[in-house]
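# Fold and contact review
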Amino acid sequence: MKKYYLFLSAGLIISVSLLLNCSSTNNEIPSAVKGEIDLLKWNFEKKTIQLDGEWELVWGKLVPPEEMRNKNIEHDRCFIKIPGKWNGLDCNGKILSGTGFATFSLNIKIPEPLNHYALKIQEISTAYRLWIDGKLIANIGTVHSDSKKGEPRYIPIVVSFIPDKENIHLVMQVSNFHDNDGGILYGIKLGHEEKIFSDKLLSLSFDILNFSILFIMGLFHLMLYRFRKKELSSLYFALFSIIIAVRTIVTGERFINILFPDFPWSASVKIEQIAMCIGIPAIMTFFLYLYPKEVSKKIVRLQQIIGLAATLFFIVTPFSIGSNLIEPYEILLIAAALYLSYVLVIAIINRREGSIYIAIGGFAIIIAAINDALNDFNIIYTGNFIMVGQLIFILSMTFVLLKRFSGSFNRIETLSDRLKELDIIKDKLLRKYEESMMNILQERLNPHFLFNGIHAIQSIMHKDVREADDAIIVLADIYRFLMDKSFNTMIDFDEEWEFVKNFLIFEKIRYGANFSYQINKTGDFKNIQIPPLTIQPLVENSIKHGIRKKSGTGNIRINADITLNEVIIAIIDNGAGIHDENVYSKTIGKIRDRLKFHFEKSEIEIINLWDGGARSVVRFTVADNPE
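Here is a short report on the structure shown in this document. (Residues numbered from 1 in each chain as written. Predicted model: local features only at pLDDT ≥ 70, side-chain atom pairs only at ≥ 80, totals over all residues. Heavy atoms only, no water.)

### A closer look at the pairing of strand 13 (residues 167-176)
Taking burial as the measure, the 10 residues of strand 13 include nine buried ones, the bulk of the element. As defined by bridge partners, strand 8 (residues 100-109) adjoins strand 13 across 10 bridges and the pair is classed as antiparallel. When the sheet's bridge partners are listed, Asn107 is paired in strand 13 with His169. Pairing geometry for strand 10 (residues 127-132) and strand 13, over six bridges, is antiparallel. (Buried < 20%, exposed > 50% of the residue type's maximum accessible area, 1.4 Å probe, protein only. Helix = DSSP H or I, 4+ residues; strand = E, 2+ residues; numbered from the N terminus. Pairing = 2+ DSSP bridges.)

Right under this line is the structure:
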């Protein structure tokens, strides 16, 4: 485990070092000074270059290219560091605001005129016109000095040109009335045409690949959640993946504008804002369900509330107002990233499943998010790497998912072998069960009861043929119930009640005037079910242990009542009472066990009455009120 800690620590140190090194100026790379950049010694055959450094700026004027070239024309000129926003710039004693308009210019010295060159322009806040040596080569949005007439537009483009001399004069008019940050926020890249187009194609391909992987993984985890609702981590990971996938097509190379050239600028920036607001609580909620013991529910809940509030704020407010919240929210993003870093370290220490691999992807996206936030604050100038971090994170999660599936398949194989063993055991148990059922059936088809019944029918056959005929029908119904219903788990209460009636009728035939009964049912038992042979054994028990031993006429009263959701069945006899100390250990004990299995509340009580006889009471509570 120590090697993992060393690996992660080294990774973090290297990543931070790279960020710091990238933020420093490399002396070997030329940069613009006082509005000029010397690239005469730059090898364009090998690589491109960003036109970073000090550009000339004329604030509050849209100066034509010929006037910007002519230094004799008086303009309030100053210099601004590109890439960067003009907000807060001290231009000859005047502090600039985020909104407004200005003209930029840069003189570029190149080694090979008459060659095919190109510029790769990411986005300018929020509209611009570009001239090369007095020739208009790009016009994105509507540049205007009137805030009501200016129209914003973000479209990353590549523009080609062939310079006719070593000195190139670049002029850009920029207006911004829709964003809080104005100016050239991203570096402009210069190089040979084929290299710039290759760079553009590579960047666009990476965006499409990133979108495809994120979106497919999102749908995949959504399907996992569809079939396994308990896996809430899959739901939030799917939500995070789809949100970031949608954000991918409105940032970077802005693939959305290739698919839909007239896609509104306001819609794309709001999607970007909302994705950021939802993405943070989504990923934190994902980690909450992934590592519930390491993540604080209170912190996640706070992030969810803030994310929802920020989302609503961005939806209902124009971008110029909503963008005020971006930088504070990016601070929250850094705080969330640091907290998740802590969570991942604790998960590794606690040896959570897949924590090492998730940590690799997690730290990649965390470092990328921190880098992009610092880059947006102009603290460092490394560019945006969030898409790279997202891709590493998704791939690491995919690896963990595949590892889990592999473990699941291994467990399935083990279970399959175990099931084969259990199947053999099952066959043995089934044979024993069948033998047991035959024994029970033989017990229920008690030949003594059958012989006694036949003798009773024979004795009355010569006296009353109609009564004997009725007795045969009742006996047949009794045995039909025993054959068809007694092996069911549950039957309708009315079926059990009818069986008890037939049993009493037949007992009356057997005992004649020495036996009487009353049977009464109060309430609606339509939807009530009961285990078969619950009441009849209690009735038979009263006859066998009470009435048979009594001189004179024996009587049994059976009352069934349902109140709310409680069923009460009382069997009262006037016999000699029950004196068996083990009355609950045999048949009645089995009845009690079956009732407890099917009903949460049930009981059987058998007591002797003070004036002779016994009372058996069955109580059980059904789940719902049948009334």
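Let us keep going from here.
### Details of the sheet that holds strand 22 (residues 614-621)
Taking strand neighbours across the sheet as the criterion, the five strands line up as 17-19-20-22-21 in an open arrangement whose pairing is mixed. Taken across any chain shown, the strands that pair with only one partner, and hence form the sheet edges, are strand 17 (515-522) and strand 21 (602-608). Sheet twist, expressed as the mean angle between neighbouring strand axes with direction ignored, is 10°. Of the pairings in the sheet, the one linking strand 21 to strand 22 comprises seven bridges and is antiparallel in character. If you follow Asn608 over to strand 22, its bridge partner there is Ala614. Strands in contact with helix 14 (residues 493-511) are strand 17, strand 19 (554-563) and strand 20 (566-573); relative to strand 17, the strand with the most contacts, it is inclined by about 165°. Sitting on the sheet, helix 15 (residues 536-547) is in contact with strand 17, strand 19, strand 20, strand 21 and strand 22, with an inclination near 150° to strand 19. (Axes fitted to C-alpha atoms, helices over the stretch in contact; angles between N-to-C directions. Contact = heavy atoms within 4.5 Å.)

### Quick word on a negative patch on the surface
A contiguous patch of negative charge, built from Asp464, Glu467, Asp469 and Asp470, is present on the exposed surface. Looking at the secondary structure, you find Glu467 in helix 13 (residues 465-484). (Patch = residues over 30% accessible without salt bridge, like charges linked within 9 Å, V, L, I, M, F, W, Y side chains within 5 Å. Areas by Shrake-Rupley, 256 points an atom, 1.4 Å probe, with all protein chains shown as cover. Salt bridge = Lys/Arg side-chain N within 4 Å of Asp/Glu carboxyl O. Lys, Arg positive; Asp, Glu negative; His and termini not counted. Charge placed at Lys NZ, Arg CZ, Asp CG, Glu CD.)

### A closer look at the pairing of strand 11 (residues 135-140)
Pairing of strand 10 with strand 11 involves five bridges; the strand directions are antiparallel. Following the sheet pairing, Leu130 is matched in strand 11 by Ala138. The hairpin formed by strand 10 and strand 11 contains two residues between the paired strands, and Asp133 there has a positive phi angle of roughly 50°.

### Focus on the packing of helix 14 against helix 15
When two helices pack together, their arrangement is given by the angle between the helix axes and the distance between those axes. At a minimum axis distance of 10 Å, the contact between helix 14 and helix 15 shows a crossing angle of 25°. It follows that helix 14 is roughly parallel to helix 15 by the angle criterion. Between helix 14 and helix 15 lies a crossing whose hand is right-handed. On helix 15, the residues touching Glu496, Phe499, Val500, Phe503, Leu504, Glu507 and Tyr511 of helix 14 are Gln536, Val539, Glu540 and Ile543. Here the contact of helix 14 with helix 15 is built from residues that sort into seven nonpolar, one polar and three charged. (Parallel < 35°, antiparallel > 145°, perpendicular 65-115°, else oblique. Left-handed = near helix turned anticlockwise from the far one by under 90°. Nonpolar A, V, L, I, M, F, W, Y, C, P; charged D, E, K, R; others polar.)

### Structural notes on the sheet that holds strand 15 (residues 189-192)
Ordered by their spatial adjacency, four strands build an open sheet running 2-15-9-12, and the pairing between neighbours is antiparallel. Two strands close off the open sheet at either side, each with one partner strand: strand 2 (49-50) and strand 12 (157-161). Along the sheet, helix 3 (residues 193-227) contacts strand 9 (117-121), strand 12 and strand 15; its crossing angle with strand 15, the most-contacted strand, is approximately 125°.

### What about unusual backbone geometry?
Of the consecutive residues Ile82 and Pro83, the connecting peptide bond is found in the cis state with omega at 0°. Topologically, Pro83 is positioned in the loop between strand 4 (77-82) and strand 5 (84-85). A cis amide bond, omega 0°, links Ser125 with the succeeding residue Thr126. By secondary structure assignment, the location of Thr126 is in the loop between strand 9 and strand 10. The backbone of Arg351 shows a phi angle near 60°, a positive value even though the residue is not glycine.

### Re helix 14
Compared with the 27 Å implied by 1.5 Å per residue over 19 residues, the 27 Å span of helix 14 between its first and last C-alpha is a close match. Those residues of helix 14 not exposed but buried are Phe493, Glu496, Trp497, Phe499, Val500, Asn502, Phe503, Leu504, Phe506, Glu507 and Ile509. A positive backbone phi angle near 65° is found at Gly512, which sits one or two residues after helix 14. (Expected span 1.5 Å × (residues − 1).)

### Points about the packing of aromatic side chains
Counting across every chain of the model gives 18 aromatic pairs. Ring plane angle 15° and centroid distance 6.2 Å describe the contact between Trp86 and Phe104, whose orientation is recorded as stacked. You can see Trp86 sitting in the loop between strand 5 and strand 6 (90-91) and its partner Phe104 sitting in strand 8, a full 18 residues away along the chain. By relative accessible area, Trp86 is classed as buried at 0%. Taking the centre distance of 6.3 Å and the plane angle of 25° together, the rings of Tyr117 and Phe161 count as stacked. Within this pair, whereas Tyr117 is found in strand 9, its partner Phe161 is found in strand 12, the two being separated by 44 residues in sequence. Comparing Tyr117 with Phe161, the two get one shared label, buried. (Phe/Tyr/Trp six-rings, centres within 6.5 Å; stacked < 30°, edge-to-face > 60°.)

### Some remarks on the pattern of salt bridges
Summed over the entire model, instances satisfying the criterion amount to 17 salt bridges. Across the pair Glu253 and Lys120 runs a salt bridge whose closest N-O atoms are separated by 2.9 Å. Of this pair, Glu253 sits in the loop between helix 4 (232-248) and helix 5 (255-259) while Lys120 is found in strand 9, placing the two residues 133 residues apart along the sequence. Note that Asp199 and Lys189 form a salt bridge whose closest N and O atoms lie 3.4 Å from each other. In this pair, Asp199 is assigned in helix 3 and Lys189 in strand 15, connecting sequence segments 10 residues apart. Using a relative accessible area of 24% as the deciding quantity, one classes Asp199 as partly exposed. Assessed through its relative accessible area of 19%, Lys189 is described here as buried. When salt bridges that share partners are traced, they join Arg69, Asp133, Asp164 and Lys165 into one network.

### Some remarks on helix 16 (residues 587-598)
Taking 1.5 Å per residue, 12 residues should reach 16 Å; helix 16 reaches 17 Å between its end C-alpha atoms and fits that length. Elements in contact with the buried residues of helix 16: helix 15, strand 21 and strand 22.

### Observations regarding the environment of Ala368
Here Ala368 shows up in helix 10 (residues 355-376). It is 9.8 Å that separates the C-alpha atoms of Ala368 and Ala337, two residues lying 31 residues apart in sequence.

### Description of the side chain of Gln122
Note on placement: Gln122 falls in the loop between strand 9 and strand 10. Its relative accessible area of 17% is what places Gln122 among the buried residues. Side-chain polar atoms of Gln122 contact the side chain of Lys120, separated by 3.3 Å. For Gln122, the side chain forms a polar contact with the main-chain oxygen of Gly252, separated by 2.5 Å. Those residues in contact with Gln122, other than ones at most four positions away along the chain, are Ile155, Pro156, Tyr186, Gly252 and Glu253. (Polar contact = N/O pair within 3.5 Å; in protein donor to acceptor, adjacent residues only side chain to side chain.)

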